[in-house]
Amino acid sequence: MSLVKAKKHLGQHFLTDKNIAQRIVDGLIHTDKYSQVLEVGPGMGILSDILLKREDLETFLIDIDTESFHFLQEKYPQLGDRLINGDFLKLNFTDIFPGKFAVIGNFPYNISSQILFKILENRQNVVEMVGMFQKEVAERCASKPGTKEYGILSVLIQAYYDIEYLFTVKPGTFNPPPKVNSGVIRLTRNAVETLDCDEKLFWRVVKAGFNQRRKTLRNALSAVVPKDRLGEHPFYEKRAETLSVQDFVELTNFVATR
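Source: prediction; values computed, not measured. (Residues numbered from 1 in each chain as written. Predicted model: local features only at pLDDT ≥ 70, side-chain atom pairs only at ≥ 80, totals over all residues. Heavy atoms only, no water.)

### Brief notes about the pattern of salt bridges
Scanning all chains against the criterion turns up nine salt bridges. A salt bridge links Lys 135 to Glu 139, with the shortest nitrogen-to-oxygen separation between them at 2.6 Å. In this pair, Lys 135 and Glu 139 both sit in helix H5 (residues 135–142), four residues apart, roughly one turn of the helix. The salt bridge partner of Arg 213 is Glu 241, with a shortest N-O separation of 3.2 Å. Placement of the pair is Arg 213 in the loop between helix H7 (199–211) and helix H8 (217–220) and Glu 241 in the loop between H8 and helix H9 (245–256), with a sequence separation of 28 residues. Overall, the relative accessible area of 25% leaves Arg 213 in the partly exposed class. Shared partners join several salt bridges into a network, and the residues in it are Arg 218, Glu 232 and Glu 237. (Salt bridge = Lys/Arg side-chain N within 4 Å of Asp/Glu carboxyl O. Helix = DSSP H or I, 4+ residues; strand = E, 2+ residues; numbered from the N terminus. Buried < 20%, exposed > 50% of the residue type's maximum accessible area, 1.4 Å probe, protein only.)

What follows is the structure, given as structure tokens:
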């Protein structure tokens, strides 16, 4: 088997440290809630080697890179249909997973947000995620209200998942090394089946609030409701970055009456 060349346009940085790989896989701890896991962008299989040794998990791999796919086909002939050559962002999960499952990966940094939104859209089925992202993105996901990192992803993820920042990874553990540090986070689906508000409106309110984060919410939310219909609410005089998930739920319910 010839080694796979990392491709810049796919945002590939192959992890080379087996100890880091072991720590990432060890991050899957809620296997009482699922028995299947999907690894995204396995590359040459440094995480896959460890995942496939876990008797509590049935492992699936998906890689958009045809070269990686053929390499992994040769390396893991036992996988059969559980090795998928495709785009994670376009994958219909229900075609493959009948119930709850987990997602894991050393994710391409150029599509980090899209990966997280895909998981959010499938939150009823993805009960755990352990992933490596650019450190800045990982910190943003885990940040709390009142911090400059706190934003759209922070609110939407924390509405449906408990999040833990697990550890930081230095550039030297990759080939080729990225120019930034990486961070590994774990998302665990919380008990919220649905928010106590119109969820589509909640997403619109959160996005509008942060799209103009320097403005007060009264001004930012004019993209959702005309200013002359907004009414009065104490949160209108605040900025989006100061509101918690529950605050946004309350604000969404108020906006829904306008």
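### Examining the side chain of Glu 128
Following the sequence through the fold, Glu 128 ends up in strand E6 (residues 126–134). Within the structure, the side chain of Glu 128 is placed 3.3 Å from the backbone nitrogen of His 30, a separation counted as a polar contact. Within the structure, the side chain of Glu 128 is placed 2.4 Å from the side chain of Tyr 34, a separation counted as a polar contact. (Polar contact = N/O pair within 3.5 Å; in protein donor to acceptor, adjacent residues only side chain to side chain.)

### Some details on the packing of helix H6 (residues 152–160) against H7
The interhelical angle for the contact between H6 and H7, taken along N-to-C directions, is 150°, at an axis separation of 9 Å. Between H6 and H7, the interaxial angle falls into the category roughly antiparallel. Along this stretch, H6 crosses H7, giving a crossing that reads as right-handed. On H7, the residues that touch Ile 152, Val 155, Leu 156, Ala 159 and Tyr 160 of H6 are Glu 199, Phe 202, Trp 203, Val 206, Lys 207, Phe 210 and Asn 211. Among the residues making up the contact of H6 with H7, the classes are represented as nine nonpolar, one polar and two charged. (Axes fitted to C-alpha atoms, helices over the stretch in contact; angles between N-to-C directions. Parallel < 35°, antiparallel > 145°, perpendicular 65-115°, else oblique. Left-handed = near helix turned anticlockwise from the far one by under 90°. Contact = heavy atoms within 4.5 Å. Nonpolar A, V, L, I, M, F, W, Y, C, P; charged D, E, K, R; others polar.)

### Structural notes on the side chain of Thr 252
Of note, Thr 252 is situated in helix H9. Among all residues touching Thr 252, those that are not within four sequence positions of it are Cys 197, Asp 198, Leu 201, Phe 202 and Val 205.

### Describing the nonpolar core
Of all hydrophobic cores here, the largest spans 58 residues; its most connected members are Phe 202 and Leu 221. Looking at which element gives the most residues to this core, the answer is H7, with seven residues. Counting residues in each nonpolar core, the second largest holds 23 residues, with Tyr 34, Ile 50, Leu 57 and Val 169 among its members. (Core = buried A, V, L, I, M, F, W, Y, C linked by side-chain atoms within 4.5 Å.)

### What to know about the packing of H5 against H6
Interaxial distance between H5 and H6 falls to 7 Å at its minimum, and their mutual angle equals 55°. As far as their axial angle goes, H6 and H5 are oblique. Judged by the sense of rotation from one axis to the other, the crossing of H5 with H6 is right-handed. Mapping the contact onto sequence places Arg 140, Cys 141 and Ala 142 in H5 and Leu 153, Ser 154, Ile 157 and Gln 158 in H6. Classifying every residue of the contact of H5 with H6 by side-chain character gives four nonpolar, two polar and one charged.

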